[in-house]
Amino acid sequence: MTLQPLSHSFHIPVMGLGYTVDTPIKVAKYGISSVISIMDDHLLEELRRIYSKKFVREYIPIGANEEDYRARRITAYLDLTQEIVNEQHDRLINEDWETNTEFQKYLDLLPEDNYLIELRQKIQCGSESEKAKLMEEVKSLMAMGSIDVNIMTKVDKINYSTSGEELPREYSDALSALRGFAKSKVKGSVVFSAGMNPALYGYAEKFSQFYPNEIGEIPKGIILKVSDFRSALIQGKFLAKKGLWISEFRIESGLNCGGHAFATDGFLIGPILEEFKNRRSELFNTLYETCQKSLENRQLNKLSESPNFKISYQGGIGTANEDSFLRKNYGLDGTGWGSPFLLVPEATSVDDDTLERLLNAKKSDFYLSHASPLGVPFNNLRTSSGEIQRISRIEKNRPGSPCYKRFLSNNTEFTEKPICTASRQYQILKTRQFAAGEIEEEELAKVVAKDCLCEGLSAPAILAAGETPRRNLTAVTICPGPNLAYFKGTFSLKEMVDHIYGKLSLKVDPERPHIFVKELQLYVTYLKNELESKITDKVVFKEASFENFRKNLIEGIDYYQQMINSVQLDSVDLMGKMKAQFSQLQKEIKNLTFTQQVELIA
C-alpha cells in the first residue's frame, strides 16, 4: 500500500459484529482509522439499505438466493462506505476553511505536535501568495483514516446451496468474506485474527490486489493480529512464501482485551513487546527476503525497497501516559483503543439501552465467560439484555437460541451437518443427556452458558440506527474488555481523542491498575480458574504445563521489576504502587502449587 501521511497514532479496532461496522462513516473523514467486521453479510446488507436511504443512494437488494450473495453483499457495503467517506473528506478539505466546522474539527482532533497544526498557523500569518501554496500542502497531508476489515479466521463454515448440496471451498464464510473485500473499492487492509487458516491464506494468492504493482506498491494490505513473536514469524513466513507481504502486525493482549480471549501460556505483554522491539529487524529482513524471492520465482512485481511495515499494540490501554510509554519504549508505530470508544456515540454503534447498562455496571459485571460457541473464553457483561434473555430461556426450560445465521455452526455430535452449540436444538439435546445421567452438571452448565453471538453482536448496530432487527431479535450481547469497568460516562469524540493524547484527562476510576498490573491480575485469575476447571472436568492437566505457565508469569514479573528500576513509567507514587502489586502477585503465584490445587479441589 502507498504510505499515506499519518494523522493519528491510534486506531479503533474491530468490536463485535456491529459496534464498529459503520465507524469509518463516522470518523474516517477526520483521519482516524478503524476496522469493520465483515463476517455477517446479513448485517452489512441491512446497513447498506439504511445508509443508502440516509445518503440518498439507490438500493438494490442482494437476495440470499442469488449467486455468491455473501461476497457480493460485502463488496456492496464496503463500496458504499468508501463512497460516503470520499464525499465527506472532499467536502471537509475543499469547502471554505474559515466557516467549515468539520475542517476545524479535523485539526482540533490532532495531537499538538502534528505538522498540520504548524502549517495552519503559517497560513494565518503568511502572505497571499504563500497561503495558496501552503493550503495545497495542507490538503495533501489531510489523509482519510484507513477503512480496514476484519476476518476472524476460525469463522469459516462450509456452506450449502438452496438444494442442500455442499458448495465449493471458496464459498465458505471466511473465503467469501476475503473475496468480497478484495473486489471492493475500499482503500484499506484486511486484518486476519484468531490464528492461522491455511485455506484462507492460500486463497489470498488468487487476488492481484494483495501483490505489488509496477512501482512496488500494494493496493490492499494484509494485517495480522498476533499474540506473540513466534506466531508473527510463523504466520508471516507462511504468507511471505506465497509472495504476500504483511504490512502490519497488531499485537493484542491475550486477556486484557475485548471479545474472544486467546490466553498465552503465561507470557505477559511487556516481555512480548520487548521481543518484538529487539527482533524487529530480524522479522522484517526474514519476511522481506522470503517474499521477494517468492515474487521473483513467480515472475511478479517485486516489493519496493521500504514497504509498509508496522508493529502496533492494542488491549487495555487507559491513559495517555500508558499510550505514550508503549509507543516510545517499544518503538511501536501505533496503538489500538477499543472498549473505551463504546462510550463514544460519535464513533461506535451502541444502542441506548446497552449504553445505559454499561454505565450502571459494576466491576464484577465484566467477566470472562463460556458464551462463545467457538469454545474460546469470551469477555461478557452480566447485565446485558442478551445475558438476561439467555437466563430467562433456561428458567423456562427452553435453553438455547433460534439459529438463523449459522455462522458458528461447527458441532457434529448429534447431526451430520454441523449445528451451533448455542442453538436450541443442541442445548435441548444436551439437557436430555443430563436428565439421562449421561453428562455431569458442570458440563451442562458450560453448554447452556453459550449464547447466540450472531444475533446479539449485530443487533446494536440496527438498534442504534433507529430500526428494529429482523425477526424482532433485539437482545444485545456486548463484549467489552476488562478496562471498560474503570470508565464511567459518555464522551464526545474530541474528549476521548484528547484523553488519548493527554490534552485532558477523563474521569477514570482512581483504583484502575496500570495496564501491566491489570494483565497480570487477569492471568493469575485465569490460571486458578483453569486449574480448577481442568480438574473438576476430570481432564488431565499436566503438571509440566502448570509449571511452565507459572514460570512464565514469574519471569514476566521479574522483567517488570527491573524495568521499573530503569525506566520512568509515570509518577514515583505509581511506580512504588506497581512494585508492591507485582511483589504481592508474585508471592501469590509462588504459593499456588499444582499439588495444593489438586488437594483444594478434592
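None of the values given here were measured: they were computed from a predicted structure.

**Topic: the overall build of the chain**
Inference 1: Looking only at helices and strands, the chain features 23 helices and 10 strands.
Inference 2: Relative to its length of 602 residues, the chain is compact, with a C-alpha radius of gyration of 25 Å against a globular reference of 25 Å.
Inference 3: Over its C-alpha atoms, taken along the principal directions, the chain stretches across nearly 85 × 65 × 55 Å.
Inference 4: About 26,200 Å² of surface is accessible on the chain, with carbon and sulfur atoms providing 49% of the total.
Inference 5: Taken together, the 75 basic and 81 acidic charged side chains of the chain have centroids lying 2 Å from each other.

**So, the packing of helix α4 (residues 101-109) against helix α5 (residues 115-125)**
Inference 1: α5 packs onto α4 with a crossing angle of 130° between their chain directions and a minimal axis gap of 9 Å. When the axis of α4 is compared with that of α5, the two are oblique. As for the relative orientation of α4 and α5, their crossing is left-handed in sense. Residues Phe-103, Gln-104, Tyr-106 and Leu-107 of α4 form the contact with α5, whose participating residues are Leu-116, Ile-117 and Arg-120.
Inference 2: When the residues that make up the contact of α4 with α5 are grouped by side-chain class, the tally is 5 nonpolar, 1 polar and 1 charged.

**Some thoughts on the side chain of Gln-561**
Inference 1: By the secondary structure assignment, Gln-561 is in helix α21 (residues 543-566).
Inference 2: In this structure the side chain of Gln-561 is engaged in a polar contact, spanning 3.4 Å, whose partner is the backbone oxygen of Lys-579.
Inference 3: In contact with Gln-561, not counting residues within four places along its chain, are Lys-579, Phe-582 and Ser-583.

**With respect to the state of the cysteines**
Inference 1: Under the defined criterion, the tally for this structure stands at 0 disulfides.
Inference 2: Cys-420 carries a free sulfur, and the closest cysteine sulfur to it, the one in Cys-403, is 5.0 Å from it.
Inference 3: Judged by relative accessible area, which is 7%, Cys-420 ranks as buried.
Inference 4: There is no disulfide at Cys-452, and the cysteine sulfur nearest it, in Cys-454, is 5.1 Å away.

**A closer look at the sheet that holds strand β6 (residues 248-252)**
Inference 1: Read around the closed barrel, the 8 strands follow the order β1-β2-β3-β4-β5-β6-β7-β8; overall the barrel is parallel. Averaged over all pairs of adjacent strands, the angle between their axes in this sheet comes to 25°, without regard to strand direction.
Inference 2: Taken together, the 4 bridges between strand β2 (residues 33-37) and strand β3 (residues 147-152) define a ladder with parallel strand orientation. In the sheet register, Ser-34 faces β3, and the bridge partner there is Ile-147.
Inference 3: Strands β5 (221-226), β6 and β7 (310-314) of the sheet are contacted by helix α10 (residues 269-278), whose axis makes an angle of about 160° with β6.

**Section: the pattern of salt bridges**
Inference 1: Scanning the entire structure with this criterion turns up 44 salt bridges.
Inference 2: Among the ionic pairs, Glu-252 bridges to Lys-225, the shortest N-O distance being 3.9 Å. Of this pair, Glu-252 sits in strand β6 while Lys-225 sits in strand β5; the two residues are 27 residues apart in sequence, bridging distant segments of the chain. Like Lys-225, Glu-252 is buried.
Inference 3: If you follow the salt bridges from partner to partner, you end up with Asp-41, Arg-70, Arg-73, Lys-157 and Asp-173 in one network.

**A closer look at the pairing of strand β10 (residues 378-381)**
Inference 1: A two-sided burial pattern is seen for β10, the buried positions comprising Phe-378 and Asn-380 on one face and Asn-379 and Leu-381 on the other.
Inference 2: Here strand β9 (residues 366-369) runs beside β10; their pairing, made up of 4 bridges, is antiparallel. Looking across to β10, one finds that Tyr-367 is bridged to Asn-380.

**Overview of the confidence of the model for the chain**
Inference 1: Within the chain, residue pLDDT values average 94, and 96% of them lie at 70 or more.
Inference 2: This stretch, residues 1-5, has a pLDDT under 50; its non-local contacts, to residues over four places away or in other chains, come to 19 contacts.

**As for helix α14 (residues 385-395)**
Inference 1: Along α14, the residues classified as buried are Ser-385, Gly-386, Glu-387, Arg-390 and Arg-393.
Inference 2: Where α14 is buried, its residues contact α13 (352-360), β9, β10, α15 (424-435) and α16 (441-448).
Inference 3: Asn-397 lies just past α14 and shows a positive phi near 60°.

**What to know about the packing of aromatic side chains**
Inference 1: Applying the stated criterion to the full structure yields 24 aromatic pairs.
Inference 2: Ring geometry for Trp-245 versus Tyr-288: centroids 6.1 Å apart, planes at 90°, classification edge-to-face. Separated by 43 residues along the polypeptide, Trp-245 in the loop between α9 (229-240) and β6 and Tyr-288 in helix α11 (residues 280-297) bring together distant segments of the chain.
Inference 3: By relative accessible area, which is 3% here, Trp-245 ends up buried.
Inference 4: By relative accessible area, which is 18% here, Tyr-288 ends up buried.

**Things to note about unusual backbone geometry**
Residues apart from glycine generally show negative phi values, whereas peptide bonds are mostly found in trans.
Inference 1: Positive phi, close to 80°, is recorded for Ala-194, a residue that is not glycine.
Inference 2: You can see Ala-194 is positioned in the loop between β4 (189-193) and α8 (198-203).
Inference 3: Look at Ala-194 and you get buried, because its relative accessible area is 15%.
Inference 4: The residue Arg-406 is not glycine, and still its phi comes out positive at about 65°.
Inference 5: On the secondary structure map, Arg-406 appears in the loop between α14 and α15.

**Concerning the packing of α5 against helix α6 (residues 128-141)**
Inference 1: Interhelical geometry of α5 versus α6 gives an angle of 160° and a closest axis separation of 9 Å. Between α5 and α6, the angle falls in the class roughly antiparallel. In terms of crossing hand, the pair formed by α5 and α6 is left-handed. The segment α5 lies against α6, with Tyr-115, Leu-116, Leu-119, Lys-122 and Ile-123 engaging Lys-131, Leu-134, Met-135, Glu-137, Val-138 and Leu-141.

**Some words on the nonpolar core**
Inference 1: In terms of nonpolar packing, the biggest core is built from 165 residues, with Ile-38, Ile-151, Phe-210, Phe-341, Leu-493 and Phe-516 touching the most fellow members.
Inference 2: Broken down by element, the residue count for this core peaks at 10 residues, all from helix α20 (residues 515-536).
Inference 3: Beyond its immediate sequence surroundings of up to four residues, Phe-341 is in contact with Phe-10, Ile-12, Met-15, Ala-347, Thr-348, Leu-493, Met-496 and Ile-500.

What counts, and where the lines are drawn
- Residues numbered from 1 in each chain as written.
- Predicted model: local features only at pLDDT ≥ 70, side-chain atom pairs only at ≥ 80, totals over all residues.
- Heavy atoms only, no water.
- Helix = DSSP H or I, 4+ residues; strand = E, 2+ residues; numbered from the N terminus.
- Rg over C-alpha atoms; globule rule 2.2 N^0.38 Å.
- Areas by Shrake-Rupley, 256 points an atom, 1.4 Å probe, with all protein chains shown as cover.
- Lys, Arg positive; Asp, Glu negative; His and termini not counted.
- Charge placed at Lys NZ, Arg CZ, Asp CG, Glu CD.
- Axes fitted to C-alpha atoms, helices over the stretch in contact; angles between N-to-C directions.
- Parallel < 35°, antiparallel > 145°, perpendicular 65-115°, else oblique.
- Left-handed = near helix turned anticlockwise from the far one by under 90°.
- Contact = heavy atoms within 4.5 Å.
- Nonpolar A, V, L, I, M, F, W, Y, C, P; charged D, E, K, R; others polar.
- Polar contact = N/O pair within 3.5 Å; in protein donor to acceptor, adjacent residues only side chain to side chain.
- Disulfide = S-S within 2.5 Å.
- Buried < 20%, exposed > 50% of the residue type's maximum accessible area, 1.4 Å probe, protein only.
- Pairing = 2+ DSSP bridges.
- Salt bridge = Lys/Arg side-chain N within 4 Å of Asp/Glu carboxyl O.
- pLDDT = per-residue confidence, 0-100.
- Phe/Tyr/Trp six-rings, centres within 6.5 Å; stacked < 30°, edge-to-face > 60°.
- Core = buried A, V, L, I, M, F, W, Y, C linked by side-chain atoms within 4.5 Å.

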